[in-house]
Each structure stands twice: as structure tokens, then as C-alpha cells.
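Chain and residue survey
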Amino acid sequence: MSANPQTLFVQHFWKDSNRTLDYYLKEMNGYEAARKVLGSMAPDQVVEEVKKANIRGRGGAGFPMGMKWSFIPKNSEKPKYLVCNADESEPGTCKDRQIIRYTPHLLIEGLLIGSFAIGCKHAYVYIRGEYVREAQLLEEAIEEARAKGYLGKDIFGSGFDLEITVHRGAGAYICGEETGLLNSLEGKRGEPRVKPPFPAVSGAFSCPTAVNNVESIANVPHIIRLGGEVFAKLGRIDKSGGTRLISLSGHVNRPGVYEVAAGSMTLRQIIDDLGGGVWKGKKLKAVIPGGSSSPVLTADEIDAVYDVEPLMKIGTMMGSAAIMVIDEDTDLVKLLLRITKFYAHESCGQCTPCREGCHWMESLLHKVIHGEAKPADIDLLVDVAGNIGGKTLCALGDAAAMPVQSFVKKFRSEFDAYVKGQSRHA
Amino acid sequence: MKERLLSEKFYEAMRQKEPRYPDRKALILPSLHQAQAEFGWLPKEILAEIAEYIGVHEAQIREVASFYTMYNLKPVGKMHLKLCTNVACCLRGANELMEFAEKKLGVKCGETTPDGAFTLSEEECLGACTTAPVMMANDDYIENLDINSMNDFIEKVKHER
Ligand SMILES: Cc1cc2nc3c(=O)[nH]c(=O)nc-3n(C[C@H](O)[C@H](O)[C@H](O)COP(=O)(O)O)c2cc1C
Ligand code: FES
């Protein structure tokens, strides 16, 4: 028996024909939630329902979604925008891609309901530039919905109008950060903004804006259909409703995108029961639990329940729910160098600690690997990381610092071995 | 009047997009994408024409274009292979694949073959980590790569020419 009889997404994945409007209407009660909302609910009631659902944002920070929507001012003269974050740029993550490929209408209906809730008449989906085909699929689905009158003017005779525009990024991790994303949407370099003002006050085109992840928005029709309370109870843990899509990659027998009721499984169960365990019969060495920026865990730490708060308690984070499994033969120093190189490459360069620090960490790691480092260089590495985290405009700085700090702390001997010229990987 | 380099199709596509944004500058990324789809890369003259169309200084277009890795400010080969070497792909053999591709094509990562047929680049995470290793071949993803499938793909492209 599956530990998770209740899934909302994955049963519709992996079959191309499931992405059609026809399938959505027949098999998923398509657009009935939006019809109900536009026909019989007030915007505030929708926000209340989402609050009751206890849904945390699926983009990385885990911020309560209903609360985010309630920050959008009601009496603003300006237009308001709902912007969907489909940048999917945190290494390890590829769940939003499946939503767009197989259940695009869930996202569109979620955008419709969300736009009604916050008073938005034009929603944007910011999709990473590499997802060329996914952007096309989404555009096609939007056209299908428009042809049926689910988008456009006077939807369901309610007087509510909505347009959705798909806006393609062009290759920059930082555009996943919501204010970098907004600048990119406006035709600028994707450099994060100084906050405050927060997007809820001044976001896209200087108007009140809610930025939500694809999976967050695609859950909204489920919330309305099931009711907030039932949705909340799908989660087996406090303050975390619904299910979570998990991207499981690396050294597992069955990598893939899985769905589990929030907080219903430990990390070990996910790796062993869903992923079929570590590949090639090897032993587990480490796990990156929430995208490449999350602090690494050792093989002994994976009995934690896989959700936001239990992971926070053990000093790491769930992030975008991207689990990367690492086997016993992996050179963690080289892996950390690869991670650090990524952040150095993607730092937008606005904040000195991040711009300079990321490259400094990268070159220190090079020294270690080439046998040119002294023991003090390892301490320097950790020190540099400590001077980036928390000292930058956006969280990219922390994202770069956390892997360095955690890898060195938990696997120090591998670094020391390199310094002593004794690494078995050298 | 200067002769236009961008096609009527480009201008028509932009006219369609224009009403979708409250500020014309939001057309910068879409216009760069559209122009690159026509030319394969973005020469200076094209950036200038986009600047004129949008109504901003050329430097502003260059400033934006140079921020994003997908905009080619130099010519690329007809088949641009972008191999992801980020963590999940790396864990499943991306580095060996890169070595293989370099040998097979006779170029280093970042270079174009002398006949202009292939460009080989390294990419950051492509957002397809559960089917790693992954590469993009122009606009398409090729997933669950191994040396055999990479070899077959390159051979196929060579023969199609
Ligand atoms: C460097 C960086 C990269 C990010 N990348 C993404 C991303 O690719 N997708 C995403 O949804 N959120 C990403 N985020 C989080 C967003 O800033 C934002 O919190 C999120 O889109 C809000 O949506 P949610 O509340 O539905 O999670 C990133 C944050 C940072 C600091
Ligand atoms: S790490 Fe290669 S696609 Fe994500």
C-alpha cells in the first residue's frame, strides 16, 4: 500500500494527452472551482479559504500563501498584478515543469481564482527561458481556455476580466528571486530590488503585486474544490497543508518527481521507498534536502520528517523540495566547488559581499583541490561564507554561504585530507 | 531611412505583444528572443534596431542583453549543444559527457566547430534534474543522456546536414 493515497497532481502526470482542456474538464472537474468563486464568493472569502488551507509557498521560502495575498491593498487606485514564478531555477528542482507540461489548466484556473482574489486583471507567468517548449504548451493551454471564455472579458458572466501573458526569461538564476524577476519582467537586468517596499506595495510596474510559485498557484483550484480545511488536513503536520511535489535526483535508483502529503514521510522513506534507495547498492554519504542552497545533511540525519519545520529544527531547509542524493564514492570537495561556482556565476554583482565573496570561496576551493591550500585556508573559507550570509540584498548570498558552511562543518575531514595531500580523490 | 534588418514577422509579433504590457520597455526581452530566433545571434545592428523600435538608448539594450546567458552576443553554430554540468547532472556523469563531446566535436567547451555546425557550451541547471544528465540541443531538451545517446545524436545531426 502506498503511504500516500491522497495525491492531487501526479496521477495526471506523464501522459501528454492529459494536458488538454478536454481532459481537464472531464477528469478533473476543470474550471468548476473558478466558476464557483466568480459566481458566488467575495474576494475576501477566497483569501480566507486559502488561509484556512494552511498552504505554504512552494517556491522556496515557505511563506503562508493566504497571508501574502492579504497584504495586497484593497483600496489602491493602481492596477494590481499576480505574477507566477515559473523560473524553476534552484538546482535540483523540476516540479513546476511537470505542472506546466501535464496540468497547465490547473495553473491557469489557479491564476484565474488568485487574480479574482487580489483584484488583478492581467496576470503574468514568468517562465525560465530554457523552457521553450513548456512556454509554448502553456500558451496553447491559455488559448484553449480563452476560446471557451475562461479567460478574457466577463468570465462566467461575472463581469470579471482576466488576461494572462507568458513572459520568457533568458537564463539567469537570480530571476527566480521575486524582485529580480519583477525587474526582468519590466525589461531590465534581473537585479533584485531593495526591500522595502515589498512587492505587495510596489511590485510589477510599481503596482501592488503578489508573486507566487507555479505549484502554489496550481493548488488553488484544489483548495476551493476540497475546501480550505480539508486541504489543510491533507498535510500531516502543523502549519503545512496539502501535498508537496518533490524532485528527487542524484544517486538514487528511481529519480523522479513525486508527491507526498505534507509531512507524511521522513527523508529516509522518500529516498528508500519512493526512490528505491541509493543506486548500485552503494551506501549513502550525504543528502542535499531542499535545492543546492540548502545545508547538506549526513547519512545519519535523514530520519527527520520531510517538511518545513522539522528540517528547520535540524538546521537545514526544505526550500523548493529538491532532494539530491549523494553516494559514498562522491568527492564532496569537488561537489562543493561545483555548487560554489554556480553561485559565483549567478551572483548579479550588486552587493560586494556576494560578488567578491563567491569568487573568493571558489578560488579557495580550487586551491584546496589542487593541493595548494594551507589548513588556515579552510577556516578562511568558512569565514568568508560567514561574511556573505545575511549581508546582501537578496538571499542569493545566503544560498552561496550555506553549502560552504555545512559541507565544511559536517565533512571537514575530506577538506583536511586534500590539504594534507591524502585525499583518495586527488 | 535606414534599411530594416528585422523582418515584418518580427514587427508583427511585437505589435501583438505591445498591448500586453503597461510599459514598452517590457518588450525588451521578448524582442531579443524574437530577433535571436530570426538571426541565431544578436549582432550590434540588431540591438540598435531594437533600441530604436522600443525607444531607448542602444546602451540600455546592450546592458540588458548582456545580463542574460541565453542571448548570444557572438555567432553560434547551427546546432548549439548546451550541456548541464550542475549538481544533479554532475552526480550522474555530466563531466564525462562533456569530455566525450569535446573529443567527438574536436572543440573545447565554449567553442564552435570550424564548419559552424556545432557550438558546445556548459549550462547551469536546466530544471530537468530528475532526468539527468540533460542537455539542450537548440530549443529541445535531451534527457537521460549517456555517451551512446550523445554520440548517436551528434551523428544524426551531422547526417542531416
Ligand atoms: C536566489 C533565489 C532564487 C529563487 N528562485 C526561485 C524559483 O526559481 N522559483 C520560485 O518559485 N521561487 C524562487 N525563489 C523564491 C522567490 O523569491 C519567492 O519567494 C517565491 O517565488 C514566492 O512564491 P511562493 O510564496 O509561492 O513560494 C528564489 C529566491 C531566491 C533568493
Ligand atoms: S542539474 Fe542538470 S538539469 Fe538540474
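Now for a quick tour of the structure.

Attention now goes to the site of ligand 1. Residues and elements named next belong to chain A. Taken together, 17 residues lie near ligand 1, and Gly59, Lys68, Ser89, Asn213 and Ser216 sit nearest. Within the backbone of Gly59, a nitrogen or oxygen atom sits 2.7 Å from an oxygen atom of ligand 1. Interatomic distance of 2.9 Å between a backbone N/O atom of Ser89 and an oxygen atom of ligand 1. Contact with the protein chains removes 90% of the 610 Å² of surface that ligand 1 exposes when unbound. For the shell around ligand 1, the element with the highest residue contribution is strand β5 (residues 209-213), accounting for three residues.

To continue, consider a nonpolar patch on the surface. Residue and element names in this part refer to chain A. On the surface, Phe63, Met67 and Phe71 cluster together to form a nonpolar patch covering roughly 280 Å² of accessible area. Looking at the secondary structure, you find Phe71 in the loop between α4 (65-70) and β1 (81-86). Exposure remark for Phe71: the relative accessible area of 46% places this residue in the partly exposed category.

All names here are of chain A. On the basis of which strands lie adjacent, the open sheet formed by five strands has the order β3-β4-β2-β1-β5 and mixed pairing. Only two strands of the sheet have a single neighbouring strand rather than two, namely β3 (152-155) and β5. Pairwise comparison of adjacent strand axes, ignoring direction, gives a mean angle of 25° for this sheet.

This brings us to helix α17 (residues 396-410) of chain A. Residue and element names in this part refer to chain A. For α17, which comprises 15 residues, the first-to-last C-alpha distance of 22 Å matches the rise-based estimate of 21 Å (1.5 Å per residue) to within 8%. Among all positions in α17, only Leu396, Gly397, Ala399, Ala400, Ala401, Pro403, Val404, Ser406, Phe407 and Val408 are buried. Buried residues belonging to α17 abut β8 (284-288), α14 (332-346), α15 (352-369), α16 (375-386) and α18 (412-419).

Each value, and the rule that gives it
- Residues numbered from 1 in each chain as written.
- Chains lettered and ligands numbered in written order.
- Predicted model: local features only at pLDDT ≥ 70, side-chain atom pairs only at ≥ 80, totals over all residues.
- Heavy atoms only, no water.
- Near = heavy atom within 4 Å.
- Polar contact = N/O pair within 3.5 Å; in protein donor to acceptor, adjacent residues only side chain to side chain.
- Areas by Shrake-Rupley, 256 points an atom, 1.4 Å probe, with all protein chains shown as cover.
- Helix = DSSP H or I, 4+ residues; strand = E, 2+ residues; numbered from the N terminus.
- Patch = residues over 30% accessible without salt bridge, like charges linked within 9 Å, V, L, I, M, F, W, Y side chains within 5 Å.
- Salt bridge = Lys/Arg side-chain N within 4 Å of Asp/Glu carboxyl O.
- Buried < 20%, exposed > 50% of the residue type's maximum accessible area, 1.4 Å probe, protein only.
- Pairing = 2+ DSSP bridges.
- Axes fitted to C-alpha atoms, helices over the stretch in contact; angles between N-to-C directions.
- Expected span 1.5 Å × (residues − 1).
- Contact = heavy atoms within 4.5 Å.

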